[in-house]
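Given next are the chains, with one letter for each unit.
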Amino acid sequence: DGASAIYGTDAIAGVINFILKKDYRGIEAYGYYGVTDQGGGDSWRATVTGGWGDLTKDKFNVFVNFDYQKQDPLAALDREISKTAYIPAEGVNRTSGYSFPANINVPGASPVTRNPTNPTCAPPFSYPTTGSSARQCRYDSASQTETIPETEKTNIVAKATWRISADHEAFLEGGYFKGNYIYRVSPTPVIGIDGNPSLGPTSAFYPAAFIASVGGDPTKPVEFLWRMKEFGPRTSEADNDAYRAVGGLQGTIFKNWDYAVAFNWTENEQTESNPSGYFRESQLFPLLATGVVNPFGDNTEAVRNQVLATQVSGDIRKSTATNYGFDGKV
């Protein structure tokens, strides 16, 4: 916590100082490409800096730095350490009961939660596990999560310095940062309230014989626990734009007193959105209640389009923060 002695305890491990060059001339370029041994998660970076003008001879100096970075996503499935949430040898079972094919709750059965497709299920993402969930199809949601999200970042920094006289200079700094972050996790679990979603005996997909065979009443609806694979992964995205400008004067007065005065402005704009993977409950649940959707297998294209029509996407949060400041020192 070396920074805390200077900046305060809130700054522990959280301080970065940016000290810009004052008189840069020439051009410099840097490139980087990183590829992983096991695939996935590759990264790129390119940086170019250019400057011209000699403060002593030309009385000015201007330089610009451009930096671009891109990170490919890394799927949990691509690494042995993260590819599954089911490791029976270690006693680990973090799989989900909200599955595809759907599990159903059958009152009167023991255990209550069963799956009419067990033990077939739908591997590799859905399979029976041991213990109390042995008669279900458990969903391995960890295998469909990204360990490292996809990111893209662009950063531009520029500074101009004018030598007004031997003792005084004016300067202007500017910066722009743009970041885009995309994160994907497993498809949405359809979690109902008060019996929703449920499947009634009038549906062509109602497993009446199976319900009767496990001690349930085949004349009553059953609640089902479904994984919305039609939507694909739940996708979250964040866009961030940051702006910075500083202008001021610096130099020497009274022969041996240094001074600096500056005005600064910063603005940060952030937008968070869900591009895909989420549904509108008020539209999906009534559709499921009609019984046309098959929660135990693939649907026809026409039914699938009805399901996709309940998807909701768009911005969920927008925020802007602006700061102004003036400082001076001798």
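The structure reproduced in this document is the subject of the present report. Note that the structure is a prediction, hence the values are computed from the model and not measured. (Residues numbered from 1 in each chain as written. Predicted model: local features only at pLDDT ≥ 70, side-chain atom pairs only at ≥ 80, totals over all residues. Heavy atoms only, no water.)

**A short note on the nonpolar core**
Part 1 of the argument: Counting residues in hydrophobic clusters, the biggest one holds 24 residues, and the most contacted among them are V190, W226, M228, L284 and L288.
Part 2 of the argument: Contributions of two or more residues to this core are made by β16 (222-227), α3 (281-289) and α4 (301-308).
Part 3 of the argument: Residue contributions to this core peak at four residues, all from α3.
Part 4 of the argument: Excluding residues within four positions of it along the chain, L288 makes contact with V190, P197, S198, F224, W226 and V293. (Core = buried A, V, L, I, M, F, W, Y, C linked by side-chain atoms within 4.5 Å. Buried < 20%, exposed > 50% of the residue type's maximum accessible area, 1.4 Å probe, protein only. Helix = DSSP H or I, 4+ residues; strand = E, 2+ residues; numbered from the N terminus. Contact = heavy atoms within 4.5 Å.)

**Focus on the sheet that holds strand β13 (residues 168-185)**
Part 1 of the argument: Strand order in the open sheet made by the eight strands is β1-β2-β3-β12-β13-β17-β18-β19, with antiparallel pairing throughout. Looking at which strands have only one partner, the edges of the open sheet turn out to be β1 (26-34) and β19 (311-329). Here the strands of the sheet are splayed against their neighbours by 5° on average, with no regard to which way each runs.
Part 2 of the argument: Sheet topology note: the β1/strand β2 (residues 43-52) ladder contains nine bridges and is antiparallel. For I27, the partnering residue across the bridge sits in β2 and is G50. (Pairing = 2+ DSSP bridges. Axes fitted to C-alpha atoms, helices over the stretch in contact; angles between N-to-C directions.)

**Details of the state of the cysteines**
Part 1 of the argument: Applying the stated rule across the entire model yields one disulfide.
Part 2 of the argument: The disulfide that involves C121 links it to C137, with 2.1 Å between the sulfurs. The chirality of the disulfide connecting C121 with C137 is left-handed, given an S-S dihedral of about -85°. Here C121, found in the loop between β8 (113-114) and β9 (126-127), pairs with C137, found in the loop between β9 and β10 (138-139); they are 16 residues apart in sequence, far enough to count as distant.
Part 3 of the argument: Overall, the relative accessible area of 9% leaves C121 in the buried class.
Part 4 of the argument: Look at C137 and you get buried, because its relative accessible area is 0%. (Disulfide = S-S within 2.5 Å.)

**Here's the deal with the pattern of salt bridges**
Part 1 of the argument: By the definition in use, this model includes 14 salt bridges.
Part 2 of the argument: Among the ionic pairs, K70 bridges to E150, the shortest N-O distance being 3.7 Å. Pair noted here: K70 is in strand β3 (residues 60-71) and E150 is in strand β12 (residues 150-165), with a separation of 80 residues, a long-range link.
Part 3 of the argument: A salt bridge links E80 to K83; the nearest nitrogen and oxygen atoms lie 3.2 Å apart.
Part 4 of the argument: Relative accessible area serves as the criterion here: at 31%, K83 is assigned to the partly exposed category.
Part 5 of the argument: A network of salt bridges, in which partner residues are shared, links K70, D72, E146, E150 and R184. (Salt bridge = Lys/Arg side-chain N within 4 Å of Asp/Glu carboxyl O.)

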